[in-house]
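Working through the structure, step by step
Listed below are the residues making up each chain.
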Amino acid sequence: MTKKNGAVILLECLIKEGVDTVFGFPGGAVLPIYDALYDSPIKHILVRHEQGAVHMADGYARALGRPGVVIVTSGPGATNTVTGIATAYMDSIPMVVITGQVPTALIGNDAFQEADIVGITRPCTKHNYLVKDLKDLPRIIKESFYIATTGRPGPVLVDIPKDVLTAVMGELKYPDKITIESYQPNYKGHPGQIKKALQLILSAKRPVVYAGGGVVLSNAAQELTAFAEKLGIPTTTTLMGLGGFPGTHDLFMGMLGMHGTFCANMAVTNTDCLIAIGARFDDRVTGKIDEFAPYADIVHIDIDPTSISKNVSVDIPIVGDVKEVLKEMVKALPQAKALKEHRKGLSEWQAQINEWRTTHALSYNQEPNGKIKPQFVIEKLYELTKGNAIITTEVGQNQMWAAQFFKYDKPRSFLTSGGLGTMGFGFPAAIGAQIAFPKSTVAVIAGDGSLQMNIQELATAVQYKLPVKVVILNNMVLGMVRQWQELFFDKRYSHTCISVAPDFVKLADAYGAVGLRAKKPSEVEQVLKEGLAVKDRPVLMDFRIDQFEGVYPMVPAGQPLNKMLLV
Amino acid sequence: MRHTISVLVTNEFGVLSRISGLFSGRGFNIESLSVAETLDPHVSRMTIVTSGDDKVLEQINKQLNKLINVIKVYDFTGEDHIERELALVKVNITADSRAEILSIVDIFRAKVVDVSPRTYTIEITGDEEKISALTELLRPFGIKEIVRTGRIAMARSPKQK
Ligand SMILES: Cc1cc2nc3c(=O)[nH]c(=O)nc-3n(C[C@H](O)[C@H](O)[C@H](O)COP(=O)(O)OP(=O)(O)OC[C@H]3O[C@@H](n4cnc5c(N)ncnc54)[C@H](O)[C@@H]3O)c2cc1C
Ligand SMILES: Cc1ncc(C[n+]2csc(CCOP(=O)(O)OP(=O)(O)O)c2C)c(N)n1
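This text gives an overview of the structure that appears in the document. From a predicted model like this one, the values you see are computed outputs, not experimental measurements.

1. Some thoughts on a nonpolar patch on the surface
Residue and element names in this part refer to chain A. There is a patch of nonpolar side chains on the surface, built from Phe 488, Phe 489 and Leu 565 and spanning about 280 Å² of accessible area. Among the secondary structure elements, Leu 565 is positioned in the segment after strand E20 (539-544). What makes Leu 565 partly exposed here is its relative accessible area of 32%.

What follows is the structure, given as structure tokens:
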């Protein structure tokens, strides 16, 4: 019988899990893995910073719906992953992070490049493991993928000491199936609760669907659309839910929350029946909690019981998978004729929604000879791609404009760090998405500040010939923070000016990417066209935008949703 | 309100820090915590005394259940159950006080488990009130040291045949 070492066994386990791509960066503790990778069919993407690897794996997972996999070394390699892991954790993204560790005998001795990464990541992983014996490795890898991808997804970290990687064992016996007694997510909603919810929904006069990231995670966009259409219910999504309901649909009201549309925020404030679907009542969404949906009975479908009645108490909770529950609900709906009657009954509400939709629609004013407006760049990008693109964002104003002015018809076409709000996420996430979909147009809508937090990954994108489009909305400030200073700190612009910055066109050139710049509105379309045409390397497009453009509407923190600052 | 919660967990490396980290990270109180193996050596029981309003307790319960290592969570509140703590109390003695202390120990069905010329060490088990009552009575004699365990609890068996 041939003997294999732990590193080889690990890669075989990954292959059994269907992994064909990993993102990583080598170092002493993982040398055995890198040696095994040398003749493995697994494709390894060599990043320039471990945080980049994690965001890439994250973008890959968000775009594809399969877990991303990361391999890094012990100590600094491991600690560099923490922000990325926390980002994935907050947004419930499936991921398996493999970290090297010092040999078992040295653990706890302050050995060279030792860090207690299991301890450090305990609060920001769904679960994590230290592998102490090679014989446990296959089971732990099996469990890791199972835990990462089932129930409410999330990142799992597996810390493997070097001596476990070099130990040898016989043939791999990889378990086909796994059950964990203490972990059994519930997918089917309770039939009694589903029935009660439907009764309530059918009797509502002013119903609203508030859909979140759970719809995307559950691959339930179709079911949601069918549900809303049959019942004629106006629908809003959270930032994370964008794409989970078609952005061009008649029933769509846009995003709700702090930077949500007037229409969505008014609808939620006035609804008598709020149907929350895979959403977690985040404070960016609810505004002042006591005045959120004050007239509504609330139905909440969520797979994670801790999300239910955490911030807002719910009248009809349904613990289960969005897709399963919506299927059951649609099945139990009345006949087509009765539904038609029902929709007619909502026409007054529909008219009210339409009025809100038009009175304060999202808007901006692009003077032909004025400064470039960021919204204009995004609308042009939408026009030129016909919406056929995967868009990632950095964090800040760029992110909010991307949420407001591009329309996402398909799930997994809008990838953003919502929960942690991690600057530096968008660019590596776009690289990950491009690797998942080599033929698609992948663009990151970036702020000049955020982009510089993981700009080193340009080298990675160049190395793998990835034509990621970097749309820099360059306002030379930390725009979102500056906006808060403008509104709430007397325009005291403390440390938000970052005009000392690289020349992004030259920078692109230095990395072997393409660099383009637009300074006038009339140049925007040309730059985008040129950028979109590049097929073999990344493109940095430096749009010099109006520094003082703000994101509106805005609900000031702690205010109720209907107290919006409008443009 | 105070709650005594029993948590069955898989007996694995790091479980205690997962639980205590959950409580500290989410700002839940821990008043006492005791841990030991159960009949099944792969399973440990943690008995946690915590407090909070209904909403907090609901989250504590759900968040505990969400941990992969947690098998079962049981809140004893409102259930007929037995609670016990154990305390060791080292109290000063003099020729005059000895007899009185011994009679207190007797009334409480406690035990003197160590004797020195100047001190008695008294062991007592009981619920919280009983232990507090004893320590209050001993305090005037001069308590040198007191060590208490966390609380443990067990549901009473149904009485009918
Ligand atoms: C600068 C900035 C501004 C922001 N402004 C806004 C804003 O104006 N509006 C806004 O909406 N957000 C905004 N956000 C994002 C916000 O912080 C939250 O990330 C977001 O609102 C959470 O979205 P969600 O409720 O859909 O939850 P997610 O984080 O996507 O959580 C998903 C929920 O679905 C559940 N779930 C997962 N899988 C399933 C399944 N299979 N079946 C059932 N349920 C499932 C999970 O348990 C969880 O409860 C902003 C973020 C930043 C950085
Ligand atoms: C890692 C990190 N540090 C700090 C912040 C706080 N923050 C939120 S938005 C923002 C400004 C972002 O500036 P930029 O990337 O230029 O985008 P803009 O808002 O100008 O579009 C900052 C500093 C953050 N979200 N993430």
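Following the structure, the description resumes.
2. Topic: the nonpolar core
Residues and elements named next belong to chain A. Among the nonpolar cores identified, the biggest contains 67 residues, and Phe 227, Ile 275, Ile 277, Met 329, Leu 381 and Phe 543 are the most heavily contacted of them. Not counting chain neighbours up to four residues away, the residues in contact with Met 329 comprise Ile 194, Ala 197, Leu 198, Ile 201, Phe 227, Ile 301 and Ile 318. With 48 residues, the next largest nonpolar core counts Val 72, Cys 124, Ala 508 and Leu 540 among its residues.

3. Quick word on the interface of chain A and chain B
Contact with chain A, which involves 19 residues of that partner, is made by 16 residues of chain B. In total, about 1600 Å² of surface goes out of reach between chain A and chain B, with carbon and sulfur atoms giving 52% of it. The largest contributions to the chain A side of the interface with chain B come from Arg122(A), Ser182(A) and Thr306(A), which together make up 36% of the buried area. Put simply, chain A and chain B have one salt bridge between them. As a salt-bridge pair, Asp304(A) and Lys66(B) come within 2.6 Å of each other at their nearest N and O atoms. Inspection of the chain A/chain B interface yields 10 residue pairs in polar contact (both at pLDDT 80 or more). At three residues, the largest contribution of residues to the side of chain A that touches chain B is made by strand E6 (residues 127-130) of chain A.

4. Some remarks on the site of ligand 2
Residue and element names in this part refer to chain A. Around ligand 2, the surrounding shell holds 17 residues, and the nearest of these are Gln 397, Gly 421, Ser 450, Gly 479 and Met 480. Between ligand 2 and Asp 448 there is a distance of 3.3 Å, counted from an oxygen atom to a side-chain nitrogen or oxygen. Contact distances for ligand 2 include 2.6 Å between an oxygen atom and a side-chain N or O atom of Ser 450. Of all the elements in the fold, those that place two or more residues in the shell around ligand 2 are helix H18 (397-405), helix H20 (448-451) and helix H22 (479-488).

Thresholds applied
- Residues numbered from 1 in each chain as written.
- Chains lettered and ligands numbered in written order.
- Predicted model: local features only at pLDDT ≥ 70, side-chain atom pairs only at ≥ 80, totals over all residues.
- Heavy atoms only, no water.
- Patch = residues over 30% accessible without salt bridge, like charges linked within 9 Å, V, L, I, M, F, W, Y side chains within 5 Å.
- Areas by Shrake-Rupley, 256 points an atom, 1.4 Å probe, with all protein chains shown as cover.
- Salt bridge = Lys/Arg side-chain N within 4 Å of Asp/Glu carboxyl O.
- Helix = DSSP H or I, 4+ residues; strand = E, 2+ residues; numbered from the N terminus.
- Buried < 20%, exposed > 50% of the residue type's maximum accessible area, 1.4 Å probe, protein only.
- Core = buried A, V, L, I, M, F, W, Y, C linked by side-chain atoms within 4.5 Å.
- Contact = heavy atoms within 4.5 Å.
- Buried area = accessible area lost by both parts, 1.4 Å probe.
- Polar contact = N/O pair within 3.5 Å; in protein donor to acceptor, adjacent residues only side chain to side chain.
- Near = heavy atom within 4 Å.

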